[in-house]
Amino acid sequence: MNDALNRGFLRLQIKALLVFNRRAAALERVDRLLGMDAQDAYAWATRAHVLAEQGDKAGAADALEHLVAIQPQHAAGWFNLGFLREDLGRIDEAEAAFRQAIALDDRFDRAWYGLALCLIRQRRFDDAVVALKRNTELQPMSPYGWYQLARVHVDRQEPEEAAKIIRHLRKFEPKVAAQLERETGLGKSPA
């Protein structure tokens, strides 16, 4: 069998093994694929996915680092790497990965959100507001960005801004609005 055909067959096996939840066997095939071609982006992405599912976040991050080295224009790869780095407590590195994802795709709403979470953890609230505003522009009906934006306004001693967000959330996510009211102590304000 020629190399291209053999690689195609291995990919097919990997997909089938993943469908049947045979992660260890799939990883073994991924390693074979990488042995044949260490630049195989599909193999690195699959390795990262399976390792993350198995709870090996450091291994998954390492696989994604290989992926973005091979395909530096892969915005989703940078986003996933940022997510894993943040989860591993590597906040500065996570911020850099989210920023790279945004540089590649300015409309990547989840990357803006991930960046904001990193900035919040660093207590860089002014920068977090900018990222959260972009996230809520791109995803106006998602409560996550709004929730974090209200929390940041509270941290910045801007309760009137947080109250505006709570009123806004009441229109489409009343449970999140009520949660924010409880957490911030702002209570119900007039609509």
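The paragraphs below set out a description of the structure included in this document. (Residues numbered from 1 in each chain as written. Predicted model: local features only at pLDDT ≥ 70, side-chain atom pairs only at ≥ 80, totals over all residues. Heavy atoms only, no water.)

## What to know about unusual backbone geometry
Part 1 of the reasoning: With phi around 60°, Arg123 is a residue other than glycine that occupies positive phi space.
Part 2 of the reasoning: Relative to the helices and strands, Arg123 is located in the loop between helix H7 (109-121) and helix H8 (125-138).
Part 3 of the reasoning: According to the relative accessible area criterion, Arg123 is exposed, its value standing at 59%. (Helix = DSSP H or I, 4+ residues; strand = E, 2+ residues; numbered from the N terminus. Buried < 20%, exposed > 50% of the residue type's maximum accessible area, 1.4 Å probe, protein only.)

## A closer look at the environment of Ala96
Part 1 of the reasoning: In this fold, Ala96 is placed in helix H6 (residues 91-104).
Part 2 of the reasoning: Classification of Ala96 by relative accessible area gives partly exposed; the value is 46%.
Part 3 of the reasoning: Through-space distance from the C-alpha of Ala96 to that of Gly82 is 7.5 Å; in sequence the pair is 14 residues apart.

## Thoughts on the pattern of salt bridges
Part 1 of the reasoning: Applying the stated criterion across every chain, the model contains 20 salt bridges.
Part 2 of the reasoning: The salt bridge partner of Glu28 is Arg29, with a shortest N-O separation of 2.9 Å.
Part 3 of the reasoning: Classification of Glu28 as partly exposed rests on a relative accessible area of 33%.
Part 4 of the reasoning: Two residues, Arg124 and Glu95, come together in a salt bridge whose shortest N-O distance is 2.8 Å. With a gap of 29 residues between them, Arg124 in the loop between H7 and H8 and Glu95 in helix H6 connect regions that are remote in the sequence.
Part 5 of the reasoning: Look at Arg124 and you get partly exposed, because its relative accessible area is 27%.
Part 6 of the reasoning: Here Glu95 falls in the buried class, since its relative accessible area comes to 9%. (Salt bridge = Lys/Arg side-chain N within 4 Å of Asp/Glu carboxyl O.)

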